[in-house]
Amino acid sequence: MVSAPNMAVDLGGIQMSNPVNTAAGTYGFGWQFEGFYDVSTLGAITTKGCAAEPWPGNPAPRMCDVTSGVMNSVGLQNPGVRGLVAEAGEYLAGLSEKGCQVICQVAGHSVDEYVAAVELFEELAPWAAGLEINISCPNIAAGGCAMGSTPEGAAEVVRAVRPRTSRPLLVKMAPARVVDVARALEAEGADALSVINSIPAMAIDVHTRRSKLSRPTGGLSGPVLHNIAVRMVWEVAQAVDIPINGVGGVASGEDAAEFILAGATAVSVGSANLFDPECAPRILAELEEWVASQGVDDVNELIGAFECQ
Ligand SMILES: Cc1cc2nc3c(=O)[nH]c(=O)nc-3n(C[C@H](O)[C@H](O)[C@H](O)COP(=O)(O)O)c2cc1C
């Protein structure tokens, strides 16, 4: 009898039972998906980005459909770290006990705000297996993309938060200058990199001549950006030694497998959760089937196994 392949991976110190996790902002705080399947079967979940204090986000409309994807300008609406803990702390602690790792995403407009949020997570969220610093949101005025798009700006944030936590620190990267930024983040002590966030884009309603969102631009996500993300994961994998979490347009096991071959240790499911809330366990099952089909007994053997002819 052929035994099931090992699917456990180590994402920069976060021990995941399998490589599938969820992308911040597309999965709430996890409990919203319990009606669809047992969330604890996933390797990890990443919670909606939270700042030290609550943020209202941007005005509506904040989402629209585009060809092969979605655009959003949510602007990191969140209840703050205390709000997250009040709403979902007990659930998330239980999830972590069941073996699904909880990665808490950290938002900020300034270096001081990132530090304040990390300190609050340290105090209030002992169940968090790791923190993901979001320096790449295209929909907020400062922080976000503004800091994550240059090696200097990205490094500054990680240099400030690194000493505040001994937990694994992931950094969610913007789709800009990825090789230079990744090297800077590794040098500052990031444990893993999430590659990539949504891509700044525009959608115009030609009848009203107005943006389809409340702002002129928003973040593009979904299948439309998958192959751009695969290319960026591959480029980053050549440049750094820390593990990569591939994010962008994963809707099938094959999409996840592409990221792993390009060099990702884990993959996040994002927009696909919005159009198919049951997709994450299906993607995991398809991924496991693919690993078995490759004649290996451990998914880790396939990380970076892309053959460049
Ligand atoms: C509605 C919505 C909200 C999002 N909110 C966040 C967020 O809070 N933090 C973040 O880093 N990325 C956020 N993202 C980006 C996703 O986490 C992910 O990086 C991006 O959507 C690309 O992956 P996908 O194509 O699988 O969706 C959001 C995306 C969507 C569609």
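Placed above this text is the structure.
**Remarks on the packing of helix 1 (residues 80–97) against helix 2 (residues 111–124)**
No. 1: The N-to-C vectors of helix 1 and helix 2 enclose an angle of 30 degrees; their axes lie 9 Å apart at closest approach. Regarding the angle of helix 1 to helix 2, the classification is roughly parallel. The crossing of helix 1 and helix 2 is right-handed. Counted together, Val-81, Arg-82, Leu-84 and Val-85 of helix 1 and Ala-117, Leu-120, Phe-121 and Leu-124 of helix 2 form the full contact between these two elements.
No. 2: Of the residues contributing to the contact of helix 1 with helix 2, the split by class is seven nonpolar, no polar and one charged.

**Overview of the environment of Ser-136**
No. 1: Among the secondary structure elements, Ser-136 is positioned in the loop between strand 8 (130–134) and helix 3 (144–148).
No. 2: For Ser-136, a relative accessible area of 0% translates into the label buried.
No. 3: For the pair formed by Ser-136 and Asn-197, sequence separation is 61 residues and the distance between their alpha carbons is 6.2 Å.
No. 4: A polar atom in the side chain of Ser-136 sits 2.9 Å from the side chain of Asn-197.

**Some points on the site of the ligand**
No. 1: Taken together, 23 residues lie around the ligand, and Ala-24, Gln-105, Gly-222, Gly-249 and Ser-271 are the ones closest in.
No. 2: Separating an oxygen atom of the ligand from a backbone N or O atom of Ala-24 is a distance of 2.8 Å.
No. 3: The separation between an oxygen atom of the ligand and a polar main-chain atom of Gly-249 is 2.7 Å.
No. 4: Considered on its own, the ligand offers 600 Å² of accessible surface; in the complex 97% of this is hidden by protein.

**Let's talk about the side chain of Asp-255**
No. 1: Within the secondary structure, Asp-255 is located in helix 7 (residues 253–262).
No. 2: The side chain of Asp-255 sits in the buried core without any salt bridge; Arg-282 is the nearest counter-charge, 7.4 Å away.
No. 3: Beyond its immediate sequence surroundings of up to four residues, Asp-255 is in contact with His-226, Gly-249 and Val-250.

**Some thoughts on helix 4 (residues 151–161)**
No. 1: The element helix 4 is largely enclosed, with a buried count of eight among its eleven residues.
No. 2: Buried within helix 4 we find Pro-151, Gly-153, Ala-154, Ala-155, Val-157, Val-158, Ala-160 and Val-161.

**Describing the sheet that holds strand 8**
No. 1: If you trace the eight strands from one edge of the open sheet to the other, you get 3-16-15-10-9-8-7-4, paired in parallel fashion. The open sheet terminates on both sides in strands that have one partner only, identified here as strand 3 (20–22) and strand 4 (44–50). The sheet shows a mean angle of 25 degrees between the axes of neighbouring strands, taken without regard to direction.

**What about the side chain of Asn-21?**
No. 1: By secondary structure assignment, the location of Asn-21 is in strand 3.
No. 2: A relative accessible area of 0% means that Asn-21 is categorised as buried.
No. 3: In terms of polar contacts, Asn-21 uses its side chain to reach the side chain of Ser-268, at 2.7 Å.
No. 4: If we ignore the near neighbours within four places in the chain, the residues touching Asn-21 are Met-16, Ala-44, Ile-45, Thr-46, Asn-245, Ala-266, Val-267, Ser-268 and Val-269.

**A few points about the pattern of salt bridges**
No. 1: One pass over the full model with this rule turns up nine salt bridges.
No. 2: Here Arg-159 ties to Glu-188 by a salt bridge, and the two come within 3.1 Å at their closest N and O atoms. Here Glu-188 lies in the loop between helix 5 (178–187) and strand 10 (192–195) and Arg-159 lies in helix 4, a separation of 29 residues in the sequence.
No. 3: Taking the relative accessible area as the measure of exposure, Arg-159 reaches 47% and is therefore partly exposed.
No. 4: One salt bridge in this structure joins Arg-282 and Asp-276, with 3.4 Å as the shortest N-O distance.
No. 5: Here Arg-282 falls in the partly exposed class, since its relative accessible area comes to 33%.
No. 6: Connected via shared salt-bridge partners are Asp-276, Arg-282 and Glu-286.

The rules we used
Residues numbered from 1 in each chain as written. Predicted model: local features only at pLDDT ≥ 70, side-chain atom pairs only at ≥ 80, totals over all residues. Heavy atoms only, no water. Axes fitted to C-alpha atoms, helices over the stretch in contact; angles between N-to-C directions. Helix = DSSP H or I, 4+ residues; strand = E, 2+ residues; numbered from the N terminus. Parallel < 35°, antiparallel > 145°, perpendicular 65-115°, else oblique. Left-handed = near helix turned anticlockwise from the far one by under 90°. Contact = heavy atoms within 4.5 Å. Nonpolar A, V, L, I, M, F, W, Y, C, P; charged D, E, K, R; others polar. Buried < 20%, exposed > 50% of the residue type's maximum accessible area, 1.4 Å probe, protein only. Polar contact = N/O pair within 3.5 Å; in protein donor to acceptor, adjacent residues only side chain to side chain. Near = heavy atom within 4 Å. Areas by Shrake-Rupley, 256 points an atom, 1.4 Å probe, with all protein chains shown as cover. Lys, Arg positive; Asp, Glu negative; His and termini not counted. Salt bridge = Lys/Arg side-chain N within 4 Å of Asp/Glu carboxyl O. Pairing = 2+ DSSP bridges.

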